[in-house]
Amino acid sequence: DLPAPPMLLISAYGWAYTALAGLELGVLITYAAQRSWRSDALCVTLLLLAGAAYDSAILGWGAFIGEGDLLLRLSYPRFLVHWVLVPFILVISARLADNAGLIVAASGRLVMQAAYLASIFIAMVNVAQGLMPPIGLDLEPVRFLGTLRYVGFGEPPPFAIILVNFFAICVFASMWKRRGEFLPALGGVACFLGNAVPASIAGPLPGSVGEALFLLGMLSSKHFFRHGGAADEEAPLLP
């Protein structure tokens, strides 16, 4: 067996996750206090950010909680948030594209309806695949540099989620080209690159950082509200 890493390195990885959770929670509270909740895309983005903060906190403090029923029960919401909320990135992307004028005005409502239906369908399929036989959710403990987390085994490849993220990156790339907003697109690329790093080599932290940058990039957009609306005059939290 390999010798255990130094305690400083072990604690550093967990504290990195704790710092990430604090950043996500701080942005969530600040943004929720400053912005109107009339935007469905903004609401979904903030819910995703809340889920990301919870995920980071559990990953950071899993070793402190210890292996067992408590950590196992606390881990289930991590998967449910991913299955249910991530598909609604379609809604966020479609709403931002519509408000940015990338969709023909006459088709905007139809596009949003299609985005909602597709998001709901993907979320239902994810939950069915994750919780129902013969697949089911089989969680097993995994340790990495002093952290402890439960990971799911036997899950099918998340092709639908990959397509959702690819669609979002394409939309945000178009917003960069036509409206000059580059942070959402860069956040999408960071998410893709972070999740491409094998967890067996660097652990889950690169993917978590990439997802946080993706959400922060989306929150930087000026197009959560249709141009000319009362809330449109508010400046984004992030430059």
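Look above for the structure.
### Brief notes about the overall build of the protein chain
Check the secondary structure of the protein chain and you find 9 helices and 2 strands. Secondary structure elements of the protein chain, listed N to C terminal, follow the sequence α-α-α-α-α-β-β-α-α-α-α. A burial count over the protein chain gives 44% of its 239 residues as buried. Long-range pairs, those at least 24 residues apart, make up 71% of the contacts in the protein chain with a sequence separation of at least 6.

### Some points on helix α2 (residues 40-65)
For α2, built from 26 residues, the straight-helix expectation of 38 Å at 1.5 Å per residue is met to within 8% by its first-to-last C-alpha distance of 35 Å. The sharpest bend along α2 measures roughly 35 degrees and falls at leucine 59. Following α2 by one or two positions, glycine 66 adopts a phi angle in the positive range, close to 95 degrees.

### Some points on the nonpolar core
By size, the foremost hydrophobic cluster in this structure holds 42 residues, and its most contacted members are Leu48, Ile92, Phe172, Leu219 and Phe224. Secondary-structure elements contributing two or more residues to this core are α1 (7-34), α2, α4 (89-99), α5 (108-131), α6 (159-179), α7 (183-196) and α9 (205-219). Sequence-distant contacts of isoleucine 92, that is, excluding residues within four places in its chain, are made with Ala41, Val44, Thr45, Leu48, Met218 and Phe224.

### Let's talk about the packing of α2 against α9
The geometry of α2 relative to α9 is characterised by a closest axis approach of 10 Å and an angle of 155 degrees between their N-to-C directions. One way to sum up the angle between α2 and α9 is to call them roughly antiparallel. Relative to α9, the crossing made by α2 is left-handed. Residues Leu42, Thr45, Leu46, Leu48, Leu49, Ala52, Asp55 and Leu59 of α2 pack against Ser208, Leu215, Met218 and Leu219 of α9. The class makeup of the residues in the contact of α2 with α9 is 9 nonpolar, 2 polar and 1 charged.

### Description of the pattern of salt bridges
With the rule as written, the count across this model stands at 2 salt bridges. Among the salt bridges present, the one from arginine 78 reaches aspartate 55, with a minimum N-O distance of 2.6 Å. Linking arginine 78 in helix α3 (residues 69-85) with aspartate 55 in helix α2, this pair joins segments that are 23 residues apart in sequence. Here arginine 78 falls in the buried class, since its relative accessible area comes to 14%.

Basis of the calculations
- Residues numbered from 1 in each chain as written.
- Predicted model: local features only at pLDDT ≥ 70, side-chain atom pairs only at ≥ 80, totals over all residues.
- Heavy atoms only, no water.
- Helix = DSSP H or I, 4+ residues; strand = E, 2+ residues; numbered from the N terminus.
- Buried < 20%, exposed > 50% of the residue type's maximum accessible area, 1.4 Å probe, protein only.
- Contact = heavy atoms within 4.5 Å.
- Expected span 1.5 Å × (residues − 1).
- Bend = angle between axes of the 7 residues up to and from the residue.
- Core = buried A, V, L, I, M, F, W, Y, C linked by side-chain atoms within 4.5 Å.
- Axes fitted to C-alpha atoms, helices over the stretch in contact; angles between N-to-C directions.
- Parallel < 35°, antiparallel > 145°, perpendicular 65-115°, else oblique.
- Left-handed = near helix turned anticlockwise from the far one by under 90°.
- Nonpolar A, V, L, I, M, F, W, Y, C, P; charged D, E, K, R; others polar.
- Salt bridge = Lys/Arg side-chain N within 4 Å of Asp/Glu carboxyl O.

Function cannot be inferred from these measures alone, as they are strictly geometric.
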